[in-house]
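Summary of structural features
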2 protein chains.
Amino acid sequence: MNSTVEQVMADLPLHPFSPFPIELPTYVANTHSAAVLVSIFAAGCCVIFLVTYGLIQRMRPSMGSGEMLVAMWFALCGCIHLFFEGYFSYNAFDMAGRTDIFGQLWKEYALSDSRYMTQDAFTVCMETVTAVFWGPMSFFCVYFIIADHPLRHPFQIIISLGQLYGDVLYYAICTFQEVVNDIVYCRPERFYFWAYYFLCNFFWIVIPLLLIRSSVNEIASVFAKVKAASVGKKAQ
Amino acid sequence: MNSTVEQVMADLPLHPFSPFPIELPTYVANTHSAAVLVSIFAAGCCVIFLVTYGLIQRMRPSMGSGEMLVAMWFALCGCIHLFFEGYFSYNAFDMAGRTDIFGQLWKEYALSDSRYMTQDAFTVCMETVTAVFWGPMSFFCVYFIIADHPLRHPFQIIISLGQLYGDVLYYAICTFQEVVNDIVYCRPERFYFWAYYFLCNFFWIVIPLLLIRSSVNEIASVFAKVKAASVGKKAQ
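The name that an unreviewed UniProt entry assigns to chain A is EXPERA domain-containing protein, with the source organism given as Trichoderma guizhouense. UniProt, in the comment section headed Subcellular location (unreviewed entry), describes chain A in these words: "Membrane". UniProt annotates chain A under Sequence similarities (unreviewed entry) with the comment "Belongs to the EBP family."

**Quick word on the overall build of chain A**
Regarding its fold elements, chain A presents seven helices and zero strands. Counting from the amino terminus, helix and strand elements in chain A follow one another as α-α-α-α-α-α-α. In terms of overall dimensions, chain A has C-alpha extents of about 90 × 40 × 30 Å along its principal axes. Within chain A, counting contacts between residues at least 6 apart in sequence, those at least 24 apart form 70% of the total. Only carbon and sulfur atoms are counted for the fraction: they give 69% of the accessible area of chain A, which is about 11700 Å². Both charge centroids of chain A, one from 13 positive and one from 17 negative side chains, sit 21 Å from each other.

**Some remarks on the interface of chain B and chain A**
Counting residues at the interface gives 39 residues for chain B, matched by 39 residues for chain A. Its largest share of buried area at the contact with chain A, chain B owes to Tyr165, Phe176 and Phe223 of chain B, together 20% of the area lost on that side. At the junction of chain B and chain A, the tally comes to zero salt bridges. At the junction of chain B and chain A, the tally comes to two residue pairs in polar contact (both at pLDDT 80 or more).

**Digging into the nonpolar core**
Ranked by internal contacts, the top residues of the largest apolar core, which has 144 residues, are Phe74, Phe122 and Leu169 of chain A together with Phe74, Phe122 and Leu169 of chain B. Those residues in contact with Phe74 of chain A, other than ones at most four positions away along the chain, are Ser138, Cys141, Val142, Ile145, Gln156, Ile159, Ser160 and Leu211 of chain A.

**With respect to the UniProt feature "domain: EXPERA" (unreviewed entry) in chain A**
Annotation from UniProt places "domain: EXPERA" (unreviewed entry) at residues 66-212 of chain A. Here residues 66-212 of chain A is 77% helix and 0% strand, with 15 Å between the C-alpha atoms at its ends.

**Digging into helix H6 (residues 152-181) of chain B**
Residue and element names in this part refer to chain B. The terminal C-alpha atoms of H6 lie 42 Å apart, and with 30 residues this matches the ideal 44 Å at 1.5 Å per residue to within 8%. Most of H6 sits out of view: 23 of its 30 residues are buried. Within two residues after H6, Asp182 carries a phi angle of roughly 60 degrees, on the positive side.

**A word on the state of the cysteines**
Residue and element names in this part refer to chain A. Under the counting rule described, the total for this entry stands at zero disulfides over all chains. Unpaired in this structure, Cys79 has its nearest cysteine sulfur neighbour in Cys45, at a distance of 9.0 Å. You can call Cys79 buried: its relative accessible area is 18%.

**What to know about the relation of the copies chain B and chain A**
Taken together, a rotation about one axis and a shift along it account for how the two chain copies relate. When chain B is fitted to chain A, the residual RMSD is 0.0 Å, and the transformation amounts to a turn of 180 degrees plus an axial shift of 0.0 Å. On the angle and the small slide along the axis, the relation comes out as a two-fold axis.

**Focus: empty space enclosed by the protein**
All names here are of chain B. For the structure on display, the rule yields one cavity of 30 Å³ or more. Of the volumes computed, that of the largest cavity is approximately 40 Å³. Among the elements of the structure, H6 and helix H7 (190-235) are those that each provide at least two residues to the lining of the largest cavity. Residue composition of the lining of the largest cavity, by class: seven nonpolar, no polar and one charged.

**Here's the deal with helix H7 (residues 190-235) of chain A**
Relative to the 68 Å expected for 46 residues at 1.5 Å per residue, H7 of chain A spans 65 Å between its end C-alpha atoms, a close match to the ideal helical length. When the local axis directions of H7 of chain A are compared, the greatest deviation, roughly 35 degrees, occurs at Phe198 of chain A.

**A short note on the packing of aromatic side chains**
Residue and element names in this part refer to chain B. Counted according to the given criterion, the structure contains 61 aromatic pairs over all chains. Ring geometry for Tyr143 against Phe144: centres 5.8 Å apart, planes inclined by 55 degrees, an arrangement best described as tilted. On the basis of relative accessibility, which here comes to 43%, the residue Tyr143 falls in the partly exposed class. Against the face of Tyr170 rests Arg115, its NZ or CZ located 4.6 Å from the ring centre.

**Remarks on the UniProt feature "transmembrane region" (unreviewed entry) in chain A**
All names here are of chain A. In the numbering adopted here, UniProt assigns the feature "transmembrane region" (unreviewed entry) to residues 34-56, 68-90, 121-146, 155-173 and 193-212. Within the segment residues 34-56, helix and strand shares are 100% and 0% respectively, and the terminal C-alpha atoms sit 33 Å apart. A distance of 27 Å separates the end C-alpha atoms of residues 155-173, which is 100% helix and 0% strand.

**Some thoughts on the side chain of Asp113 of chain B**
Within the secondary structure, Asp113 of chain B sits in the loop between helix H4 (101-109) and helix H5 (121-146). Apart from the residues lying within four places of it in its own chain, the contact partners of Asp113 of chain B are Tyr170 and Tyr185 of chain B.

**Focus on unusual backbone geometry**
Residue and element names in this part refer to chain A. Between Ser18 and Pro19 the backbone carries a cis peptide bond, its omega angle lying at -5 degrees. With respect to the secondary-structure elements, Pro19 resides in the loop between helix H1 (2-11) and helix H2 (34-59). Residues other than glycine seldom take positive phi values, yet Asp148 does so here, at roughly 50 degrees. Mapping Asp148 onto the fold places it in the loop between helix H5 (121-146) and helix H6 (152-181).

**Considering the side chain of Thr123 of chain A**
All names here are of chain A. Tracing the backbone shows Thr123 in helix H5. Residue Thr123 is classed as buried on the basis of its relative accessible area of 0%. Among the polar contacts listed, one links the side chain of Thr123 to the side chain of Asp120, at a separation of 2.6 Å. With near-sequence residues (within four places) excluded, Thr123 lies in contact with Phe88, Arg115 and Tyr116.

Thresholds applied
Residues numbered from 1 in each chain as written. Chains lettered and ligands numbered in written order. Predicted model: local features only at pLDDT ≥ 70, side-chain atom pairs only at ≥ 80, totals over all residues. Heavy atoms only, no water. UniProt positions renumbered as here; feature names shortened; annotations may be inferred. Helix = DSSP H or I, 4+ residues; strand = E, 2+ residues; numbered from the N terminus. Contact = heavy atoms within 4.5 Å. Areas by Shrake-Rupley, 256 points an atom, 1.4 Å probe, with all protein chains shown as cover. Lys, Arg positive; Asp, Glu negative; His and termini not counted. Charge placed at Lys NZ, Arg CZ, Asp CG, Glu CD. Buried area = accessible area lost by both parts, 1.4 Å probe. Salt bridge = Lys/Arg side-chain N within 4 Å of Asp/Glu carboxyl O. Polar contact = N/O pair within 3.5 Å; in protein donor to acceptor, adjacent residues only side chain to side chain. Core = buried A, V, L, I, M, F, W, Y, C linked by side-chain atoms within 4.5 Å. Buried < 20%, exposed > 50% of the residue type's maximum accessible area, 1.4 Å probe, protein only. Expected span 1.5 Å × (residues − 1). Disulfide = S-S within 2.5 Å. Least-squares fit on C-alpha atoms with pLDDT ≥ 70 in both. 1 Å grid on protein atoms, 1.4 Å probe; cavity = no way out; pocket = protein on both sides within 12 Å on 5 of 7 lines; lining within 4 Å. Points joined across faces, edges and corners; volume = space filled by probe spheres on them. Nonpolar A, V, L, I, M, F, W, Y, C, P; charged D, E, K, R; others polar. Bend = angle between axes of the 7 residues up to and from the residue. Phe/Tyr/Trp six-rings, centres within 6.5 Å; stacked < 30°, edge-to-face > 60°. Lys NZ or Arg CZ within 6 Å of the ring centre and 35° of its normal.

Spelled out as structure tokens, the structure:
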């Protein structure tokens, strides 16, 4: 019996994810280096920014630079949520064996968080909500910003709070597992922790917070104006 | 060695939570019956409603009944989030041993979801966010509704989306664990599943959805009005 267990263990492919005892029987190593994968991702982001910039120049060239940046941010979010995180959500049960570009990118990222390789319940559910709701809604938000639509600020708050709350839980659960249960999902090299796990997700803490604050202020000032106008009318 | 393990197992208190092999060394049985506990909880809710109603009658007696119901809902949410869920968050590491009213209420509820007894990472993190953020913000929202404050609708969206997203993840992760990993947190009796786990949480799906829709419509109509007015002014 024991020798059978040992044989099964010996037949399992070695993998680079923490904690090392997790079993990933379908694991296939990446063929692209980290530098190539990160460059491809960065190039993809640049293309998304350029296409959005081009669209805005065509549809509303008078748009201010602040608004333009917010529209570009939501275009990037839409693509990442719907396509990249949607890819994870759709393939969550066999991420370790995937060798296309998105699969290799996720395997590279998972060096900092192995939950993306192990069908972790929270990660799959949170990423599915992100892909299905915040992804399409981000594209709507780009349109609402360009069209100066009345739904822009409600959408901006909803998407940004969704991203922020998902991200807070993502960080919090990972920290809880490390502190309380001594389970570490990140490889020991500090590079992966800071450059992948911390930095890549930190954008979705800071920017949503700024966007929520901006939309809350915008809404409050419009409501205050309308209230003041109606009080003024009554006084006349 | 084996006999020591058996001895330790035999010394562990029997508990009524699913899955039964989970170990709760500090478990103490409830002294109140389910009927008494549910009645106490319902009485608490009635007191909160009555106090809020009294406050509104004093501060803004002209308030419409729809607005009054929303204010009473947020007062209830504030109390449940801050005090009841805050109690769980604060005592998460020793819930099974607590015998005060809140402790007994949580142990009764946990018959439908044992994650409240086992320091489950998602449950503790989600409940902590709920207690720390949605709790106090709900009380602010009650004030904003009574005062017809410009921040009312942004707050209503933020709190409601927070509740809704937390609840969706709560349901989704529990379902995922049952379907994918065959882990069932609810006792086999269907009563606990439907009356505690499903019904008690379903309020926080339906009501937040309605409140988000209402605030989004309200904000959009005010923005549309202001836009129309500014277009009208330019045309003059």
